[in-house]
Amino acid sequence: MKVLVIGGGAREHALCRALSLDPDVSALHCAPGNAGIADVAELHTVDALDGDAVAELARRLEADLVVVGPEAPLVAGVADAVRAAGVPCFGPSREAAQLEGSKAFAKEVMAAANVPTARSYVCTTPEEVDEALDAFGAPYVVKDDGLAAGKGVVVTADLEQAREHALACGRVVIEEYLDGPEVSLFAITDGETVLPLQPAQDFKRALDGDEGPNTGGMGAYSPLPWADPKLVDEVMESVLQPTVDELRRRGTPFSGLLYAGLAITGRGVRVIEFNARFGDPETQVVLARLKTPLAGVLLNAARGTLADEPPLNWRGDSAVTVVIASHNYPATPRTGDPIDGLDEVAAQDAPHAYVLHAGTRREGDAIVSAGGRVLSVTATGGDLTEARDRAYTAVDRIRLDGSNHRRDIAAKAASHA
């Protein structure tokens, strides 16, 4: 099968890596890709937000499957254009992708499906903002209603900061603070059948000890040794299946990757947010543990035949990914810095540790930084301690001037395992 992946981050590199290991994949293409993806897929230039251009590329390549990675193309309707061109596409329609594109729409769907989530208000005026902030009190949770690349949420005890963020957003969702650890659970669905993957946990804050500003994610690990073994079944029953059923009932079936961001509170599981695509950096660790070849599962979802898919097989090992970010991320990241040490990791740490590229590009013989999050160093091991050790050994071989990474990814979970 010929597969085209749309996107150019570490999530897409993780997808391309998994697809490149699938014996059923005869040709792998990625647009626009990055310097690392170029090692496993043929790269093409395309405007990822232009559905007609993506569909035309898929036709020209005679792709049997298109996988849309990032959220912005999904919300822009790229999957609809690809399907209209007669090419199977893994990714929800523009309407279904509003589950991520609009926090208010997601809350409406959850209410209709009786899915447990935080109480919230949708606000459009300064008066409504003040009322909502007053009603919930600190800590304040303020979410931009639209897409914000994982950085549209402010959680703060500072009333002025919360109010300032709310007023800058236009339409905003203000909700009660959910205590308890957070979990990411992905599910592949064709709009009817739902196939859950293994849970992961990511780290949103820029600095060790969950300090510093919110980011798109600084690392992740899987499995979760501290989680209830029944967690996946519970989330399937109370969150994932009801949400998929409700969207189908509305005539906007969700086909693709449904990502539930969850809080395990003292009162049970609550949904923090939905995403309409694989999460970054959780995909890096979840796919590292998936034994089942990926392409056939995604194709069955795209074709509406996921019920034929046998249960997924998982490796018994653990996986950890550590994000290396560029100087001054997430504020105004510096780009264009050369990256050294990648060959050393490949020579000394493979196959247990490897580097997935996020924001990179090739300049002559050099690979340089080209974004805020630059690399995801991913490793597997018999347990989280071994996976962590391998990941950080590889991280320490990499040199990127001014870069930042957390040293505590999965540390607490490894000590509890």
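Up top is the structure.
For clarity, every value in this text was computed on a predicted model and none was experimentally measured.

Enquirer: Account for the overall build of the protein, naming residues and giving values.
Expert: When you go through the protein residue by residue, the secondary structure sums to 14 helices and 24 strands. Scaling as 2.2 N^0.38, a compact globule of 417 residues should have a C-alpha radius of gyration of about 22 Å, and the protein matches this with 20 Å. The principal-axis extents of the C-alpha atoms in the protein amount to approximately 55 × 45 × 40 Å. Relative to all contacts within the protein whose residues are 6 or more apart in sequence, the contacts with residues 24 or more apart total 69%. For the protein, the exposed surface amounts to about 16500 Å²; the carbon and sulfur share of it is 47%. The averaged location of the 61 negative side-chain charges in the protein is 2 Å from the averaged location of its 38 positive side-chain charges.

Enquirer: Describe the sheet that holds strand E12 (residues 201–202), naming the residues involved and giving the relevant values.
Expert: With antiparallel pairing, the five strands of this open sheet are ordered in space as E12-E15-E18-E23-E20. Across the chains shown, the open sheet's two edge strands, defined by having one partner strand only, are E12 and strand E20 (353–357). Bridging between E20 and strand E23 (residues 373–381) involves five bridges; their strand directions are antiparallel. Paired with His-357 across the bridge in E23 is Leu-375. The strands touched by helix H13 (residues 384–395) within the sheet are strand E15 (219–222), strand E18 (318–325), E20 and E23, with E18 carrying the most contacts at an inclination of about 30°.

Enquirer: How would you sum up the pattern of salt bridges? Please name residues and give values.
Expert: Applying the stated criterion across every chain yields a total of 27 salt bridges. Of the charged contacts in the structure, one is a salt bridge between Arg-334 and Asp-337, with a shortest N-O distance of 2.9 Å. We note a salt bridge from Glu-363 to Arg-361, for which the minimum N-O separation is 2.9 Å. A relative accessible area of 41% places Glu-363 in the partly exposed class.

Enquirer: Which residues make up the pairing of strand E7 (residues 140–144), and what are the values?
Expert: Of all the five residues making up E7, five are buried; the element is thus mostly covered by neighbouring parts of the structure. Burial along E7 is two-sided: Tyr-140, Val-142 and Asp-144 facing one way and Val-141 and Lys-143 facing the other are all buried.

Enquirer: An account of the packing of helix H1 (residues 10–20) against helix H10 (residues 282–289) is requested, with residue identities and associated values reported.
Expert: Packing of H1 against H10 leaves a shortest axis separation of 8 Å and a crossing angle of 15°. Put simply, H1 runs roughly parallel to H10. The way H1 lies across H10 gives a crossing that is left-handed. Where H1 abuts H10, its residues Ala-10, Arg-11, Ala-14, Leu-15 and Ala-18 lie against Thr-283, Gln-284 and Leu-287.

Enquirer: Could you give an account of the sheet that holds strand E1 (residues 2–7), naming the residues involved and the relevant values?
Expert: Taken in spatial order, the five strands make up an open sheet running E3-E2-E1-E4-E5, and their pairing is parallel. One side of each edge strand has no neighbouring strand; the edge strands of this open sheet are strand E3 (42–43) and strand E5 (89–90). Pairing geometry for E1 and strand E2 (residues 27–32), over six bridges, is parallel. When the sheet's bridge partners are listed, Lys-2 is paired in E2 with Ala-27. This element, helix H2 (residues 51–60), spans E1, E2 and strand E4 (65–68) of the sheet and lies at about 155° to E1. Along the sheet face, helix H11 (residues 294–303) touches E4 and E5 and points at about 90° away from the line of E4.

Enquirer: Go over H1, please, and point to the residues and values.
Expert: Two residues of an α-helix separated by three or four positions point the same way, owing to the 3.6 residues in each turn. Burial of H1 is extensive: nine of the eleven residues sit out of reach of the surface. Looking only at H1, the buried set comprises Ala-10, Arg-11, Glu-12, His-13, Ala-14, Leu-15, Cys-16, Ala-18 and Leu-19.

Enquirer: If you had to explain the packing of aromatic side chains to someone new, which residues and values would you point to?
Expert: All chains considered together, the criterion is met by five aromatic pairs. Pairing Phe-90 with Phe-278 gives two aromatic rings, centres 6.2 Å apart and planes at 35°, and the pair type is tilted. One end of the pair, Phe-90, is in strand E5; the other, Phe-278, is in the loop between strand E17 (268–275) and H10, with 188 residues separating them in the sequence. With relative accessibility at 2%, the residue Phe-90 sits in the buried group.

Enquirer: Mind laying out the state of the cysteines, listing which residues take part and the relevant values?
Expert: Applying the stated criterion across every chain yields a total of zero disulfides. Between Cys-30, a free cysteine, and Cys-16, which holds the nearest cysteine sulfur, the sulfur-to-sulfur gap is 4.1 Å. With no disulfide of its own, Cys-169 has Cys-123 as its nearest cysteine by sulfur position, at a separation of 11 Å. Given the relative accessible area of 17%, Cys-169 is considered buried.

Enquirer: Tell me about the nonpolar core, and please be specific about residues and values.
Expert: By size, the foremost hydrophobic cluster in this structure holds 79 residues, and its most contacted members are Leu-4, Val-66, Leu-99, Leu-240, Val-320 and Ile-398. Of the residues forming this core, the biggest block, eight residues, is contributed by helix H9 (residues 231–249). If we ignore the near neighbours within four places in the chain, the residues touching Leu-4 are His-29, Cys-30, Ala-31, Val-54, Leu-57, Ala-58, Leu-61, Ala-63, Leu-65, Val-66 and Val-67. Formed by 42 residues, the second largest nonpolar core is a distinct cluster that contains Ala-18, Ile-188, Leu-195 and Ala-302.

Enquirer: Describe the environment of Val-142, and please don't skip the residues or the numbers.
Expert: Among the structural elements, Val-142 can be located in strand E7. Overall, Val-142 belongs to the buried group, its relative accessible area being 0%. Between the C-alpha atoms of Val-142 and Ala-301, which are 159 residues apart in sequence, the distance is 34 Å. Beyond its immediate chain neighbours, meaning those up to four positions away, Val-142 contacts Leu-133, Gly-152, Val-153, Val-154, Ala-162, His-165, Ala-166, Val-172, Val-173 and Ile-174.

Enquirer: Any chance you could break down the side chain of Glu-273 for me, citing the residues and the numbers?
Expert: Following the sequence through the fold, Glu-273 ends up in strand E17. Buried within the structure, Glu-273 lacks any salt-bridge partner; Lys-103 is the closest side chain of opposite charge, at an N-O distance of 4.8 Å. Beyond its immediate chain neighbours, meaning those up to four positions away, Glu-273 contacts Lys-103, Lys-143, Tyr-259, Ala-260 and Gly-261.

What counts as what
- Residues numbered from 1 in each chain as written.
- Predicted model: local features only at pLDDT ≥ 70, side-chain atom pairs only at ≥ 80, totals over all residues.
- Heavy atoms only, no water.
- Helix = DSSP H or I, 4+ residues; strand = E, 2+ residues; numbered from the N terminus.
- Rg over C-alpha atoms; globule rule 2.2 N^0.38 Å.
- Contact = heavy atoms within 4.5 Å.
- Areas by Shrake-Rupley, 256 points an atom, 1.4 Å probe, with all protein chains shown as cover.
- Lys, Arg positive; Asp, Glu negative; His and termini not counted.
- Charge placed at Lys NZ, Arg CZ, Asp CG, Glu CD.
- Pairing = 2+ DSSP bridges.
- Axes fitted to C-alpha atoms, helices over the stretch in contact; angles between N-to-C directions.
- Salt bridge = Lys/Arg side-chain N within 4 Å of Asp/Glu carboxyl O.
- Buried < 20%, exposed > 50% of the residue type's maximum accessible area, 1.4 Å probe, protein only.
- Parallel < 35°, antiparallel > 145°, perpendicular 65-115°, else oblique.
- Left-handed = near helix turned anticlockwise from the far one by under 90°.
- Phe/Tyr/Trp six-rings, centres within 6.5 Å; stacked < 30°, edge-to-face > 60°.
- Disulfide = S-S within 2.5 Å.
- Core = buried A, V, L, I, M, F, W, Y, C linked by side-chain atoms within 4.5 Å.

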